[in-house]
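# Descriptive structure summary
Each chain is listed here by its residues.
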Amino acid sequence: MALKSGAQYLEEMKAMRPNVYKYGKLIEDVTTDPATKGTLMNTAAWYDMSLDPEKQDLYTTISYLSGERAHRWTTVMATADDVIGDAKMKRDGYRVCGSCMGPVCAGWGIMNALWGVTYDMDAEYGTDYHERLKKFAAMAEEKALAMCGAITDAKGNRKVKAGMQPNPNVFLHVDETREDGIVVSGFKIQICGTAAAQWIMAMPTQGFKEGEEKFAVAFATPKDAEGITIVETTRPSDNKVEAGNWDAPVSGTTQAFILFDKVFVPKEYVFMNGETKYSGRPIGNFSSIYRSAIGACVAGQGDVMIGAAIAMARANGLQQKAFQDKLTDMAIRNETTYGLGIGAIAMGRQHKSGAFYPNAILAHTNKYLVGTLPTETKRLAQEIAGGICETGCMPSYEDMTSPIYGKELIAAMEAGVSGEDRYKMARLVEWLTVGAGIPGCMHGGGSPDTAKAVVKAMTKWEDYVDYAKSLAGTEADFKEEPPVKK
Ligand SMILES: Cc1cc2nc3c(=O)[nH]c(=O)nc-3n(C[C@H](O)[C@H](O)[C@H](O)COP(=O)(O)OP(=O)(O)OC[C@H]3O[C@@H](n4cnc5c(N)ncnc54)[C@H](O)[C@@H]3O)c2cc1C
């Protein structure tokens, strides 16, 4: 198959075993339930854009493995151009959906992160993880899979080691290794787009030490495998994702808590099992890919914020030039994270396995900026758009359409455009700046502090002192003296 349409994807989703819950009830059909429909429709749109001749080069590529055209999110990224393609696609995807898209992002990232790690493990241990991953990747491409990526463990008390936590499930772990596979249990949380995914890719959230072998595990599993329960997280506008309701765009993604309870994973889908020495490497590879591309995601969302802010100004009867300085600031923020991400990719390297990994220090610097710059973009969008865009400042759709007073409410919203259109645009600004359109900026892809820690660790501070010393022509070596004990 390799390429499929949105309709085919939705049909396949309907056929999966229902195991997604929300508000205490099982969702029988994720394609129609208002709680999940938005994220499913977005994912279907990405499949459809792959078949659109005008968008095809953004959403598909020629596969490194098969030489055939395939959805980007099922392929191995082997060159800088492949990863730049990832960034360009995500900026466009954000412009269309306004939100982060886990099922066509994080699982793909894990597959690529593991590409180099499995190759290295096989070279050292004589295992066959890389061959298994290759076969899996060929299948993912052929079946055009949507895969979410489960990295973040519940983690429990951050000061306590994985093996010492009172509840062992706060880190995903192997209960049993059998001839034919492994049995795993544990909680992965905040997993983006799980409801819209067909498979789950899982890998360690951090490195583990000797004695912690059971936590060093990576695998792929169908999302509806026995023992997997998914609980969707909530957001303010969930139940508004109904055709015709103006309170939320039919868009956005959701996260999920994934509960693994003695889930059997066949050997062919196990890509790490106990190799603690290599357990920290997938997160290194993953974050270099993810943190370079996320600059494009937030830039795409920022593009929509600029558009919505201009539209609101015009709806209010004002000229764009009254806000041009602020709008240009917003654009500069977008281009900064986008450009730094592209720079990280351009300065990357190809691993001997064939996978391409962006430059780590630039990718982590970008993640730090992604956690900070868009906040100001959101603030500016609200400032330009006016008070009705701040949350809690407009009546609901039901009130706006009330037969008793709806007409007056619409009249109260009328300005440069109809009251209905001004209301819809104001809701979009609210959604983008304080609602479900936000995901990704702060903790998506890891916290800004962890990114900062990598920049600190990788920066060659002493070399910089040497440059300064040489230019100043000094005698002293300016080495740091140990602190004097008092
Ligand atoms: C929108 C969104 C989408 C996401 N999608 C996914 C996904 O698809 N897949 C996935 O696996 N995960 C996903 N995540 C989870 C994300 O990767 C985590 O939120 C992130 O890694 C931070 O982990 P945490 O939330 O457990 O934060 P915490 O560990 O609770 O950290 C909170 C703060 O404390 C700091 N901190 C933590 N431990 C220490 C320490 N020991 N010392 C000092 N400071 C510390 C952190 O730096 C951070 O600033 C998503 C998150 C969001 C918000």
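From a predicted model like this one, the values you see are computed outputs, not experimental measurements.

## Let's talk about the site of the ligand
- Around the ligand sit 19 residues, and of these Gly149, Ile151, Thr152, Arg158 and Ser447 come closest.
- When isolated, the ligand has an accessible area of 980 Å², and the protein chains bury 64% of it.
- Class assignment of the residues belonging to the shell around the ligand gives a composition of six nonpolar, ten polar and three charged.
- Taken domain by domain, the shell around the ligand gets at least three of its residues from each of domain 1 (6–279) and domain 2 (282–458).

## Observations regarding the environment of alanine 415
- Tracing the backbone through its elements, the reader meets alanine 415 in the loop between helix 12 (406–413) and helix 13 (419–434).
- Sequence-wise, alanine 415 and glycine 371 are 44 residues apart; in three dimensions their C-alpha atoms are separated by 35 Å.
- Setting aside residues no more than four positions away along its own chain, alanine 415 makes contact with Ala315, Asn316 and Arg422.

## As for the layout of surface pockets
- In this structure, the largest pocket encloses a volume near 1,200 Å³.
- Lining of the largest pocket is provided by 41 residues; of these, Thr152, Lys155, His443, Gly446 and Ser447 occupy positions nearest its centre.
- Listed by contribution, the elements that provide at least two residues to the lining of the largest pocket are helix 7 (281–315) and helix 14 (448–458).
- With five residues, helix 7 is the single largest residue contributor to the lining of the largest pocket.
- Class assignment for the residues of the lining of the largest pocket results in 17 nonpolar, 18 polar and six charged.

## Some remarks on the sheet that holds strand 5 (residues 147–150)
- If you trace the four strands from one edge of the open sheet to the other, you get 5-8-9-12, paired in mixed fashion. Strands with a single pairing partner mark the edges of an open sheet, and in this sheet they are strand 5 and strand 12 (270–273). Averaged over neighbouring strand pairs, the angle between their axes works out to 20 degrees when direction is ignored.
- The strands touched by helix 5 (residues 106–125) are strand 5, strand 8 (199–202), strand 9 (217–222) and strand 12; relative to strand 5, the strand with the most contacts, the crossing angle is about 65 degrees.
- Along the sheet, helix 6 (residues 129–142) contacts strand 5, strand 8, strand 9 and strand 12; its crossing angle with strand 12, the most-contacted strand, is approximately 145 degrees.

## Let's talk about the pattern of salt bridges
- Counted by the stated rule, this structure contains 24 salt bridges.
- A salt bridge links arginine 95 to aspartate 303; its shortest N-O distance comes to 2.7 Å. On the criterion of sequence distance, the pair formed by arginine 95 in helix 4 (residues 80–97) and aspartate 303 in helix 7 is long-range, its members being 208 residues apart.
- Residue aspartate 303 is classed as buried on the basis of its relative accessible area, which comes to 19%.
- For aspartate 247, the salt bridge identified is with arginine 427, shortest N-O distance 2.8 Å. Taken together, the residues span a long stretch of sequence, with aspartate 247 in the loop between strand 10 (228–232) and strand 11 (256–266) and arginine 427 in helix 13 at a distance of 180 residues.

## Some words on the domain arrangement of the chain
- Its domain assignment divides the chain into domain 1 (6–279) and domain 2 (282–458).
- Between domain 1 and domain 2, the C-alpha centre-to-centre distance is 24 Å.
- On the side of domain 2, 45 residues touch domain 1, which itself brings 48 residues to the contact.
- Across the domain 1 to domain 2 interface the summed buried area is about 3,800 Å²; carbon plus sulfur atoms make up 69%.
- The largest contributions to the domain 1 side of the interface with domain 2 come from Arg91, Tyr94 and Trp246, which together make up 23% of the buried area.
- In this structure, the connection of domain 1 to domain 2 is made through five salt bridges.
- Contributing elements (two or more residues each) for the side of domain 1 that touches domain 2: helix 4 and helix 5.
- In terms of residue class, the side of domain 1 that touches domain 2 is built from 25 nonpolar, 14 polar and nine charged.

## Looking at empty space enclosed by the protein
- Taken as a whole, this structure holds four cavities of 30 Å³ or more when the rule is applied.
- When its volume is computed, the largest cavity comes out at roughly 80 Å³.
- Among the residues forming the lining of the largest cavity, the class breakdown is six nonpolar, one polar and five charged.

## Some remarks on the packing of helix 7 against helix 9 (residues 360–370)
- Helix 9 packs onto helix 7 with a crossing angle of 40 degrees between their chain directions and a minimal axis gap of 8 Å. Looking at the two axes, helix 7 sits oblique to helix 9. Crossing of helix 7 over helix 9 shows left-handed handedness. The residues of helix 9 that touch helix 7, namely those facing Ser287, Ser288, Arg291, Ser292, Ile294, Gly295 and Val298, are Ala360, Ala363, His364, Asn366, Lys367 and Val370.

## Here we look at the side chain of aspartate 247
- Classification of aspartate 247 by relative accessible area gives buried; the value is 9%.
- Engagement of the side chain of aspartate 247 in a polar contact is seen with the side chain of arginine 427, the distance being 2.8 Å.

## Thoughts on the pairing of strand 9
- Across the six residues that make up strand 9, a large majority, five, are buried.
- Bridge analysis of strand 8 against strand 9 gives four bridges, and the strand direction is antiparallel. Within the sheet, the bridge partner assigned to tryptophan 199 lies in strand 9 and is proline 222.
- Sheet topology places strand 9 next to strand 12; three bridges connect them, and they run antiparallel. From the neighbouring strand, alanine 218 faces strand 12, where its bridge partner is methionine 272.

## A word on helix 10 (residues 373–385)
- Here helix 10 is 13 residues long and its end C-alpha atoms lie 19 Å apart, about the 18 Å a rise of 1.5 Å per residue gives.
- Of all the residues in helix 10, the buried ones are Leu373, Pro374, Thr377, Lys378, Leu380, Ala381, Gln382, Ile384 and Ala385.
- Against helix 7, helix 8 (324–346), helix 9 and helix 13 lie the buried residues of helix 10.
- The first or second residue beyond helix 10 is glycine 386, which carries a positive phi of 100 degrees.

What counts and what doesn't
- Residues numbered from 1 in each chain as written.
- Predicted model: local features only at pLDDT ≥ 70, side-chain atom pairs only at ≥ 80, totals over all residues.
- Heavy atoms only, no water.
- Near = heavy atom within 4 Å.
- Areas by Shrake-Rupley, 256 points an atom, 1.4 Å probe, with all protein chains shown as cover.
- Nonpolar A, V, L, I, M, F, W, Y, C, P; charged D, E, K, R; others polar.
- Domains from an automatic or database assignment.
- Helix = DSSP H or I, 4+ residues; strand = E, 2+ residues; numbered from the N terminus.
- Contact = heavy atoms within 4.5 Å.
- 1 Å grid on protein atoms, 1.4 Å probe; cavity = no way out; pocket = protein on both sides within 12 Å on 5 of 7 lines; lining within 4 Å.
- Points joined across faces, edges and corners; volume = space filled by probe spheres on them.
- Pairing = 2+ DSSP bridges.
- Axes fitted to C-alpha atoms, helices over the stretch in contact; angles between N-to-C directions.
- Salt bridge = Lys/Arg side-chain N within 4 Å of Asp/Glu carboxyl O.
- Buried < 20%, exposed > 50% of the residue type's maximum accessible area, 1.4 Å probe, protein only.
- Buried area = accessible area lost by both parts, 1.4 Å probe.
- Parallel < 35°, antiparallel > 145°, perpendicular 65-115°, else oblique.
- Left-handed = near helix turned anticlockwise from the far one by under 90°.
- Polar contact = N/O pair within 3.5 Å; in protein donor to acceptor, adjacent residues only side chain to side chain.
- Expected span 1.5 Å × (residues − 1).

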